[in-house]
Amino acid sequence: AGLLETVTDNLPPQAVTLADAFWPGALTLVAPRQPQCPISPLVSAGLDSVAVRVPDHPVATQLIQLADRPIAAPSANRFGRISPTTAAHVSGQLAEHLDGILDGGPCRIGVESTVVDLTGPRPRLLRHGGVTHEQLQEVVGPVEIHRGTQPVDQAAPAPGMLARHYAPNTPIVLVTDPPIKPPGPRAGLLSLTRPGSTDGWARIEVLSETGDLVEATAGF
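What you see is a predicted model, and the numbers here were worked out from it, not measured in a lab. (Residues numbered from 1 in each chain as written. Predicted model: local features only at pLDDT ≥ 70, side-chain atom pairs only at ≥ 80, totals over all residues. Heavy atoms only, no water.)

Structurally, the position occupied by Pro84 is in the loop between helix H3 (58–67) and helix H4 (87–94). Residue Pro84 is classed as buried on the basis of its relative accessible area of 16%. The spatial distance from the C-alpha of Pro84 to the C-alpha of Cys107 is 8.6 Å, given a sequence separation of 23 residues. Apart from the residues within four sequence positions on either side, Pro84 is in contact with Ala76, Asn77, His89, Val90 and Cys107. (Helix = DSSP H or I, 4+ residues; strand = E, 2+ residues; numbered from the N terminus. Buried < 20%, exposed > 50% of the residue type's maximum accessible area, 1.4 Å probe, protein only. Contact = heavy atoms within 4.5 Å.)

Written out as structure tokens, the structure is:
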């Protein structure tokens, strides 16, 4: 709550409740920005709000302590592409633009942080992530879910709100149930658990043999 108070104004009570419950952790809170906020407007695309998170990683924590100030830290990936979960992923996308990489090991949670907007009358979920919608509602009650996408020529209140974002180069088709036959000879199947039929697929990747979502997102 102390960190929020240094950069935000009219702090809603849900902000303190959520911070106490999920910080440090995979939750980003969007709150009204103070007029005298010391953080550059470039960090929040000129919006009258600011997004704040306290990471749960010893390397990130030590970096912030050594800097002795908040750090603007977007995902280390090219715009619109998949967020990295290892230092090798960062190097693969951005090596020619970087002077160095601080390697803290593979991400324990392999998806982005959850983003909750607290600038309105009720908390609103802008981006799904490491903290689930159900977990949020257990702490603060009803949380709306943002619907629709953000035009590419407008500043978004949170990352991941464009029609195309976190997108791989390989075309993907989302299906509720895996088809019995693959659509082509080079088609691969990405499945949470092992499917009943595996014939004909060029490759099958099972995210978690037990159906564990945390294991699946971490890519173990």
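Here we come to the environment of Pro171. Position of Pro171 relative to the elements: it lies in the loop between strand S5 (144–145) and strand S6 (188–191). Assessed through its relative accessible area of 75%, Pro171 is described here as exposed. C-alpha separation for the pair Pro171 and Ala187, spaced 16 residues apart in sequence, amounts to 9.9 Å.

Of all residues in the protein chain, 85% attain a pLDDT of 70 or more, and the chain-wide mean is 84. Averaged pLDDT values over the elements of the protein chain bottom out at 59 in helix H1 (residues 2–7) and peak at 96 in helix H5 (residues 133–140). (pLDDT = per-residue confidence, 0-100.)

The biggest cluster of nonpolar side chains holds 16 residues, and the ones touching the most others in it are Leu18, Leu27, Leu29, Val116 and Leu136. Elements that contribute at least two residues to this core include exactly helix H2 (13–22), strand S1 (27–32), strand S2 (49–52) and H5. Among the elements that line this core, the one with the most residues is H2, at 4 residues. Not counting residues up to four positions away in its chain, the partners in contact with Leu27 are Leu18, Phe22, Val52, Arg53, Ser113, Thr114, Val116, Val131 and Leu136. (Core = buried A, V, L, I, M, F, W, Y, C linked by side-chain atoms within 4.5 Å.)

Once that is clear, we can look at the pattern of salt bridges. Under the criterion given, the structure shown has 5 salt bridges. Close ionic contact of Asp117 with Arg124 constitutes a salt bridge, the shortest N to O distance being 3.0 Å. Given the relative accessible area of 6%, Asp117 is considered buried. Look at Arg124 and you get partly exposed, because its relative accessible area is 27%. (Salt bridge = Lys/Arg side-chain N within 4 Å of Asp/Glu carboxyl O.)

Taken in spatial order, the 5 strands make up an open sheet running S2-S1-S3-S4-S5, and their pairing is mixed. Only two strands of the sheet have a single partner each, and these edge strands are S2 and S5. Sheet topology places strand S4 (residues 124–127) next to S5; 2 bridges connect them, and they run parallel. Paired with Arg124 across the strands is Glu144, a residue of S5. Contacting S1 and strand S3 (114–117), H2 runs over the sheet at an angle of about 160 degrees to S1. (Pairing = 2+ DSSP bridges. Axes fitted to C-alpha atoms, helices over the stretch in contact; angles between N-to-C directions.)

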